[in-house]
Amino acid sequence: MGHIRLNQVSKSFGDVQVIPPLDLTIEDGEFTVFVGPSGCGKSTLLRLIAGLEDITSGHIDIDGADATNVPPAKRGLAMVFQSYALYPHMSVRKNIAFPMKMAGLPEAEQTRRIDNAASALNLTDYLDRRPGQLSGGQRQRVAIGRAIVREPAAFLFDEPLSNLDAALRVGMRLEISELHKRLKTTMVYVTHDQVEAMTMADRIVVLRAGMIEQVGSPLELYHTPRNAFVAGFIGSPK
Ligand code: ADP
Ligand code: MG
């Protein structure tokens, strides 16, 4: 469950083509990182997969079925944003429950999933607090919890740690990697941070101006970069 295939997918905003037609397969269960400089199209590509932007051409398969015209809520994917997008007036419990409530899940099932997510994310003691009473790292965990309870075919992360300070970022990287090991769910993770890409990814997709420069494991990219751009980008720590 959870492979994603892009077939000649392109995106233009008006006359400007930000993603020329590209092919990409994200394997089931893999932790795939899209990395590249600011403005290279990472978020756009993720939003195309999520269905939050319409593709200009091509098609997208999810789990072997054509998802090109499937609305975002029906794609079985869960997106985690850097801005958390939590509801400030709701408790942590209610924030996490929200997507399940929308989907009409029975209360008992909601409670079971909330308890599991909270214990996986060390949030059990914070369920009755409001987002404003939490640290940045805890807020990010709540956002991840809200994605987990949907039991998605894949998680899509858009720079989820960029609002956190450096020390917290390192801790959250480990937590997300641990979560991937435990859930074994496909994760697509966008970052402009080479260190995050190198330490978290099974496979890295290096993007530049909407084009894929190279796809490979961190070691492959490090040892056999296809060109100077990849070498420079992967080789130079931020
Ligand atoms: P990244 O996430 O890698 O920083 P983005 O995907 O946000 O890059 O942006 C890629 C390009 O697409 C940029 O040139 C950006 O200005 C442009 N772009 C993104 N969203 C829109 C939009 N809604 N309308 C017009 N241009 C956009
Ligand atoms: Mg972005």
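Residues numbered from 1 in each chain as written. Chains lettered and ligands numbered in written order. Predicted model: local features only at pLDDT ≥ 70, side-chain atom pairs only at ≥ 80, totals over all residues.

1. Some words on the pairing of strand β9 (residues 203-208)
For strand β3 (residues 31-35) and β9, the ladder comprises four bridges, and the chain directions are parallel. Note on β9: the bridge partner recorded for T32 is R203. Between β9 and strand β10 (residues 211-216), which follow one another and run antiparallel, lie two residues, and A209 among them has a positive phi close to 50°. (Pairing = 2+ DSSP bridges. Helix = DSSP H or I, 4+ residues; strand = E, 2+ residues; numbered from the N terminus.)

2. A closer look at helix α5 (residues 166-183)
In this model α5 runs 26 Å from its N-terminal to its C-terminal C-alpha over 18 residues, within 8% of the 26 Å that 1.5 Å per residue would give. Residues of α5 that are buried include every one of R169, R173 and I176, and no others. All buried residues of α5 project into a common sector of 70° when viewed along the axis, lining one side. In α5, the exposed residues that point more than 90 degrees away from the buried face are A167, G171, L174, E178, K181 and R182. (Expected span 1.5 Å × (residues − 1). Buried ≥ 20, exposed ≤ 12 C-beta atoms within 10 Å, placed from the backbone. Arc of directions from axis to C-beta.)

3. Quick word on the site of ligand 1
Taken together, F13, V18, G36, S38, G39, C40, G41, K42, S43 and T44 make up the full set of residues adjacent to ligand 1. If one sorts the elements of the shell around ligand 1 by residue count, helix α1 (residues 42-50) sits on top with three residues. Residue composition of the shell around ligand 1, by class: three nonpolar, six polar and one charged. (Near = placed C-beta within 6 Å. Nonpolar A, V, L, I, M, F, W, Y, C, P; charged D, E, K, R; others polar.)

4. A closer look at the sheet that holds strand β1 (residues 4-13)
What links the strands of a sheet is backbone hydrogen bonding, and the strands pair in either a parallel or an antiparallel sense. The strand order across the open sheet formed by four strands is β2-β1-β4-β5, and the pairing between neighbours is antiparallel. Two strands lie at the open edges of the sheet, namely β2 (16-26) and β5 (65-66), each paired on one side alone. In terms of strand pairing, strand β4 (residues 57-62) meets β5 through two bridges, oriented antiparallel. Bridge pairing in β5 links D61 to D66.

5. Looking at the sheet that holds β3
Read from one edge of the open sheet, six strands run β6-β7-β8-β3-β9-β10, paired in mixed fashion. The open sheet has two edge strands with one neighbour each: β6 (77-81) and β10. Adjacent strand axes in the sheet meet at a mean angle of 15° when their direction is disregarded. Strand direction decides the pairing type here: strand β7 (residues 154-158) and strand β8 (residues 186-191), joined by five bridges, are parallel. Its bridge partner lying in β8, F155 is registered against M187. (Axes fitted to C-alpha atoms, helices over the stretch in contact; angles between N-to-C directions.)

6. Thoughts on unusual backbone geometry
The residue Q8 is not glycine, and still its phi comes out positive at about 50°. Summarising the element assignment, Q8 is placed in strand β1. On the basis of neighbour counts, which here come to 12 C-beta atoms within 10 Å, the residue Q8 falls in the exposed class. Within the chain, E159 stands out as a residue other than glycine whose phi angle is a positive 45°.

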